[in-house]
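# Report on the structure
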Amino acid sequence: MQKLIILAFVGLIAQLVDGSLGMGYGLTSTSLLLAFGITPAVASASVHLAEVVTTGASGISHTRFGNVDKEIAWRLIIPGAIGAFLGATILSHLPANTLKPYISIFLMLLGLYVLFRFIIKNNQSKQKKRKKMTKAFFIPLGFIAGFFDATGGGGWGPIATPTLLSRDDIEPRKVIGSVDTSEFAVALASSIGFLLSLGAHQINWIWTIALMLGGMIAAPIAAYLVKILPSHLLAVFVSGMIIFTNIQTLLSLGKLPTVWNSIIYIVMFILWFSVFIFTIKKYRNTVVKKGQTSETMQIE
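Because the structure is predicted, anything quoted here is derived from the model rather than measured.

### Here we look at the pattern of salt bridges
The full count for this structure, using the stated rule, is two salt bridges. Linking Arg173 and Glu171 is a salt bridge whose minimum nitrogen-to-oxygen distance equals 3.4 Å.

Here it is, written out as structure tokens:
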């Protein structure tokens, strides 16, 4: 019983992070199941089955709070589902770990770019006109994100969210809401693939239901946080998670002493916290200046 409560709590925290930042549910939940000794394929299958329910609840919540761009969501669904199904059925036994360093480097660069755009360039105050979104952009993005999500137990959010955030014509909350909503199709396709290849008897359904319940509770809370939080603060959170997660992946592949890994983590956290404080102060100064300008115009 205690283990089930822990699993439900982890599902709640994972969905709270995923629904707020557009990533994190698969990584958090799969890591816990692996720690309990479940094989990677069964862990990924259990998480994706839970995500069918949690992403459905998350998508409904994001839609109700106006966080979803339907055009983006629909363009991601089909290629994402195809990539997820293939990853779960045909390609899940390939050594996906060999690709992790390259994906991590790519994601880190995207995370740094997001920080640069929102912190240094400060473009969040003026939304640019929407560029034409072509199939040439969304088909490979959805397919690759769906494929790595199925094979790695998490990857839809970490790949799709920063890639869309790297554009300067989409609101961060719309990116997060659209990615979370389209993930329902990805989770469903992955689950079908895993059930066909592994069989339903391999799944620990009690653990899966516990993860579902925690995620369903957190889904509307996370969607509301996305609606009320300033876009640049969301961008700092998302980019910080991207960078930190992928540094962990790269360090785990190296042979540095544990103490050096700890030092790197501490330094990265201090840098991220400093950027976060800097962003808050910069935002306050911008709000104050806008308020003063508005008062001056009223007086005139």
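### Details of the confidence of the model for the protein
On average, residues of the protein score 77 in pLDDT, and 75% of them are at 70 or above. Across the protein, the element-wise mean pLDDT spans from 69 in helix 5 (residues 100-120) up to 92 in helix 4 (residues 70-89).

### Brief notes about the environment of Thr249
Secondary-structure assignment places Thr249 in helix 10 (residues 231-253). On the basis of relative accessibility, which here comes to 19%, the residue Thr249 falls in the buried class. Thr249 sits 144 residues away from Ile105 along the chain, and the two C-alpha atoms are 9.6 Å apart.

### What to know about the packing of helix 7 (residues 156-165) against helix 8 (residues 172-198)
At a minimum axis separation of 10 Å, helix 7 and helix 8 run at an interaxial angle of 145°. Judged by the sense of rotation from one axis to the other, the crossing of helix 7 with helix 8 is right-handed. Facing helix 7, whose interface residues are Trp156, Gly157, Ala160, Thr161, Leu164 and Leu165, helix 8 presents Pro172, Val175, Val179, Ser182, Glu183 and Val186. The residue makeup of the contact of helix 7 with helix 8, split by class, is eight nonpolar, three polar and one charged.

### Thoughts on helix 9 (residues 205-228)
For helix 9, spanning 24 residues, the distance from its first C-alpha to its last is 35 Å, which sits close to the expected 34 Å at 1.5 Å a residue. Along helix 9, the sharpest change in direction is near 35° and occurs at Ala218; proline Pro220 comes one to four residues later.

What counts and how
Residues numbered from 1 in each chain as written. Predicted model: local features only at pLDDT ≥ 70, side-chain atom pairs only at ≥ 80, totals over all residues. Heavy atoms only, no water. Salt bridge = Lys/Arg side-chain N within 4 Å of Asp/Glu carboxyl O. pLDDT = per-residue confidence, 0-100. Helix = DSSP H or I, 4+ residues; strand = E, 2+ residues; numbered from the N terminus. Buried < 20%, exposed > 50% of the residue type's maximum accessible area, 1.4 Å probe, protein only. Axes fitted to C-alpha atoms, helices over the stretch in contact; angles between N-to-C directions. Left-handed = near helix turned anticlockwise from the far one by under 90°. Contact = heavy atoms within 4.5 Å. Nonpolar A, V, L, I, M, F, W, Y, C, P; charged D, E, K, R; others polar. Expected span 1.5 Å × (residues − 1). Bend = angle between axes of the 7 residues up to and from the residue.

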